[in-house]
Every structure is written in C-alpha cells, then in structure tokens.
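Overview (structure and organization)
Okay, here's what each chain looks like letter by letter:
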Amino acid sequence: RRFCGEHGHEEEQNDRKRIPCPLDPKHTVYEDQLQKHLKKCNSREKPKPVYFVQDINAGLKDVAEIPEKQVPLSSLSIEELQNLISKLKKASHGVEVHLKEQILSHQALQEALNDPKNGESAFKHLKQQASILGNMEKLHLLGPGRCFVEFGAGRGKLSHWVDIALENVESVQFLLVERATTRFKVDGKHKRRDSVFERLQVDIQHLCLNKVPILEKKKLPVVGIGKHLCGAATDLALRCLVESYTPCCDGEDEEPAPKRCRAAQTEVAPHKAAGNEGTTEDHHKPVAGIVIALCCHHKCDWTHYVGRDFFKSVGLGPVEFHYFQRMSSWATCGMQETTSKASPSEDTKDQTNDPEEHEQTLSRTESGSDTLQGILSVEARKEIGCLCKRLIDHGRIEYLQKQGYTAALQYYTEPAVSLENVLLTAVPNPSLIPEPT
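Residues numbered from 1 in each chain as written. Predicted model: local features only at pLDDT ≥ 70, side-chain atom pairs only at ≥ 80, totals over all residues. Heavy atoms only, no water.

1. Quick notes on the overall build of the protein chain
Secondary structure assignment for the protein chain yields 15 helices and 10 strands. In the protein chain, which comprises 437 residues, the proportion classed as buried is 51%. Working note: accessible area of the protein chain is about 22200 Å², and carbon and sulfur atoms make up 50% of it. (Helix = DSSP H or I, 4+ residues; strand = E, 2+ residues; numbered from the N terminus. Buried < 20%, exposed > 50% of the residue type's maximum accessible area, 1.4 Å probe, protein only. Areas by Shrake-Rupley, 256 points an atom, 1.4 Å probe, with all protein chains shown as cover.)

Written out as structure tokens, the structure reads:
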C-alpha cells in the first residue's frame, strides 16, 4: 500500500470507496464501514452531563427584543456617530469612570515572581494572578469549606494559585469550567489530597451549578473566579451564580459548617477582628463572593447582558448597546496603535500574541477606525472606548446590587501589564447573611 486510509481512494487497485463522514466532513470513512464508524466517531453527539440545562443562563427569552443585524460603525454618518457619543455621555452621568487602583499581591506567588527563569509574558500573568489573590484575601474569600468555581479556566492557572494559597486549609473544592478541550492543564499536577479538582467541559450558558454532584451533595458556598473572562461569558457566569445557583440553595443548608484546621483559625481570626461581620456565617450563603477580571467588552451580547434594565432606565436599548460594545474596542485599539508605532518591542508582541491575553481582534473596518481618521483623535477615541466599557460594567454592578451584593470595580494591575486591567468583585450584603444561631 502506498497511501494511508484518508487517501486510500487514490490507490488504483483499491475497490473500496471512501466517503466524507456525515457527522464531520473533515474526515472520510470506508462506505462499507460507515455504520460501525458512526458509533465511535469523535464527532458524534455525546450524552449531556447531569449539570447541563439548555440555555439556563442565556438570559433574554423574548426574540422580538433582539435587534436585527446592525450596520457597521464605518457605515454611520458623522451626525449618527455624534448622536451616539452624545447619548453615551448623557447616560454616563453618575457612572464611576475613574476607578480606584487596588493593585495587591499575595505571598503564595512571591517565589514565582522572584524567579528569574520566568520570562516577561509569564511575569505579567503572575502579577495579575497575585493581585487577584490579594483582592480575594482582602475580601476574606480565601477560607476553608468552600468551592472555587473558575469560569473560562483554560489551563487552570488561577485555581492552581488559589490552591497554593490554601495549603493549610481543609475542605477545599475546585470546579474548572471550560467548554473547549485544553492542553497542558496544571490542575492534574496537584499533590494535595485535601483539595479536589474537577473539570466541567460545558458552555457556561448551559451550566446549572446546583446539579453538579459535589455541590448537590455538600451544599458548599461558592466563590466564582475568572481571569480575562471574555465579553458575554462574564454575564453568563454572573447569571449562573446569582440566579441559577442561589435560588436552588436558599434554605437547603442542612449540614453543619466544616471544621477549620488550626492554621485556618489563626488566619481567619484577624479578619473578624477587623470588623468583617459577613464572614462569621458566610457558609450559609450559597455564593460567598465573585472576583472576575473583565475582558473583551466588544464580544458582549444584548441577549446575555445582565444590565439590560440599567440600559433601559437611561433611555438606551439594544441598538445603542450594539454600537457601544463595538466602540469599547477603541479603549485598547487606539493605545495599541500608539505603542506599536513607538516601540515594536517584545512587550507589544506579548500583548497581542499571548493566547491567555484576550486582546482586541476587531478589524479596522469593524471598529470604524478608518472612518474616524480626521474626525476623532486617538485620545478621544480611547476616552470614548473607556466610557463604553464603564457603562457596560456599571450595568453589571447595578444587577449585582439588586441581587443583594456589594459590588465594585477597581484597577487590579497596571496598563503596561495588561490593557484589560479592571477587576469586578462582589460579596453578599452583610444584612442578607443569617446571624449565628
């Protein structure tokens, strides 16, 4: 034989015919073995896991409200563009545009941060992960008897560092949610027996947390985390936590609180002394906290967006949302243009080629930059893009506040480390946490 199975039909003496697989035409199969192949083909529909509930976190059900396909920004007239910008500025009155800087670190990452073997790209990720853990510690979310759910987990690096930070703490579970198959995962390398790692290969849109066996059995309080959770995935994750999971768990905590080890007691005690009343019985609250590094607002979707009520309250709708989410890319695209002109160095290369940094991928036509030459300066575009981001994020904050959470936005790292440097945090309002019995 001169040819492999895929190219066997090229062989002149071969009388067996190969046809495209009906499940995936990218590969072929012998026609006389089709039925056998269909039973084991990797592209066949696999049984859905128990925690899969179709569109449970999708949001909008009214098809009539979903806008038809909009024209690109580049096709808008100058008057239409100016009208959009004026609507944006009017709606942004009272919205916190200049966020506080809360760049923290955590002891668990100090050794890695000081390791000269780590390159520039790895160092940037470590700084972000250290700050996320520092903010989690400040909110007293690094404690025992909890389940950390990492949305858009990828290789699972963030959960890895949370596990390192909790090495002396008992009863810690990790759920890593990622819809794609991931290579070079780090969660399989953990040697601790007290912490349990489980991967959920499912789209967040269809994830019902209260049907995940380990949560259904143990009723653990959940801490939702994520690093650069792309666009609509943030909205799906928020809805997954505060709508799909919380109502199913209210009033169902029948098991006693998990015991704390000595190390954890000494670690948590100062937090209580510092006046954090909410941590006393936070194991009774289904969602103990949310810490998500935001990203890619241009990939947001009105269908899934949790801040639709806020947009409507300021006189905006799906059409304005469509343009604002496209214009949000100006906040980083303009900056990339100036940095690339100034120094096409390795730092810029790290920003654009790193798969874990979800930088903007819009073409010049989609972002409207060709049309804007001579109308808006790079600085003006950057300012408008930032305003769009903050407006979209403010809708998320209001949504969480209505759901009974104290929510905030802050800069968690420098722009030189990542252009997407805003962290969304939320913890339950102390008044909604039951008093100790």
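That covers the picture; the talk isn't over yet.
2. Thoughts on the sheet that holds strand β6 (residues 195-200)
Spatial strand order, β3-β9-β10-β8-β7-β4-β5-β6: eight strands in an open sheet with mixed pairing. Edge strands, defined here as strands with exactly one partner in the open sheet, are β3 (100-101) and β6. In the sheet, strand β8 (residues 287-295) pairs with strand β10 (residues 422-428) via four bridges, with the strands oriented antiparallel. Residue pairing in the sheet places A293 in a bridge with L423 of β10. (Pairing = 2+ DSSP bridges.)

3. Details of the packing of aromatic side chains
Going through the model one piece at a time under the given rule, you end up with nine aromatic pairs. Of the aromatic side chains, those joined through ring pairs into one cluster are W302, Y305, F310, F311, F321 and F324. It is R18 that lies over the ring of Y30; its NZ or CZ is 4.5 Å from the centre. The side chain of K48 reaches across the aromatic face of F52, ending 5.3 Å from its centre. (Phe/Tyr/Trp six-rings, centres within 6.5 Å; stacked < 30°, edge-to-face > 60°. Lys NZ or Arg CZ within 6 Å of the ring centre and 35° of its normal.)

4. Some thoughts on the side chain of Q325
By the element assignment, Q325 lies in helix α10 (residues 318-327). Among residues more than four places away in sequence, those in contact with Q325 are H297, H298, K299, C300 and I392. (Contact = heavy atoms within 4.5 Å.)

5. A look at the pairing of strand β7 (residues 222-230)
Burial analysis of β7 places nine of its nine residues in the buried class, which makes it a mostly covered element. Taken together, the four bridges between strand β4 (residues 146-151) and β7 define a ladder with parallel strand orientation. Within β7, the residue paired with F148 across the bridge is V223.

6. Overview of the nonpolar core
Counting 40 residues, the largest nonpolar core has F151, L207, L215 and L400 as the members making the most contacts within it. At eight residues, the largest contribution of residues to this core is made by helix α7 (residues 232-249). If we skip the residues at most four places from it in the chain, L215 touches C147, L175, L209, L220, V222 and Y245. Membership of the second largest hydrophobic core comes to 31 residues, among which are A112, M136, A153 and L423. (Core = buried A, V, L, I, M, F, W, Y, C linked by side-chain atoms within 4.5 Å.)

7. Remarks on the packing of helix α4 (residues 120-138) against helix α5 (residues 157-165)
Each pair of packed helices can be described by the angle between their axes along with the distance between the axes. Where α4 meets α5, the axes come as close as 10 Å, and the angle between the chain directions of the two elements is 55°. If you check the angle between α4 and α5, you find them oblique. Taken as a pair, α4 and α5 cross one another with a handedness that is right-handed. Every residue of α5 that contacts α4 at L126, Q129, I132, L133 and M136 is listed here: K157, L158, W161, V162 and A165. Of the residues belonging to the contact of α4 with α5, the class tally is eight nonpolar, one polar and one charged. (Axes fitted to C-alpha atoms, helices over the stretch in contact; angles between N-to-C directions. Parallel < 35°, antiparallel > 145°, perpendicular 65-115°, else oblique. Left-handed = near helix turned anticlockwise from the far one by under 90°. Nonpolar A, V, L, I, M, F, W, Y, C, P; charged D, E, K, R; others polar.)

8. Points about unusual backbone geometry
Even without being a glycine, S171 presents a positive backbone phi close to 55°. For S171, a relative accessible area of 33% translates into the label partly exposed. Although it is not a glycine, K219 adopts a positive phi angle of roughly 50°. Judged by its relative accessible area of 23%, K219 is partly exposed.

9. What to know about the pattern of salt bridges
If you walk through the whole model with that rule in mind, you get nine salt bridges. Between K389 and E420 there is a salt bridge, with the nearest N and O atoms lying 3.0 Å from each other. Remark: E420 occurs in the loop between β9 (405-411) and β10 and K389 occurs in helix α15 (residues 378-402); sequence separation between them is 31 residues. Take K389 and E420: they sit in the same class, and that class is buried. A salt bridge links R390 to D393, with the nearest nitrogen and oxygen atoms 2.8 Å apart. Highlighted residues: R390 and D393, both in helix α15, separated by three residues, approximately one helical turn. With relative accessibility at 5%, the residue R390 sits in the buried group. Three or more residues are tied together by salt bridges with common partners; here these are D235, R390, D393 and R396. (Salt bridge = Lys/Arg side-chain N within 4 Å of Asp/Glu carboxyl O.)

10. Quick notes on the packing of α10 against α15
Two elements in contact, α10 and α15, have axes whose closest approach is 8 Å; the angle formed by their N-to-C orientations is 125°. Looking at the two axes, α10 sits oblique to α15. Handedness of the crossing formed by α10 with α15: left-handed. Between α10 and α15, the contacting residues are F321, F324, Q325 and M327 on the first element and I384, G385, C388, L391 and I392 on the second. Residues belonging to the contact of α10 with α15 are distributed by class as follows: seven nonpolar, two polar and no charged.

11. What to know about the confidence of the model for the protein chain
When pLDDT is averaged across the protein chain, the result is 81; 75% of the residues are at 70 or more. The model gives residues 251-284 a pLDDT under 50, and that stretch makes 43 contacts with residues more than four places away or in other chains. Within the model, pLDDT remains below 50 along residues 334-353, and this stretch shows 26 contacts once partners closer than five positions in the same chain are excluded. (pLDDT = per-residue confidence, 0-100.)

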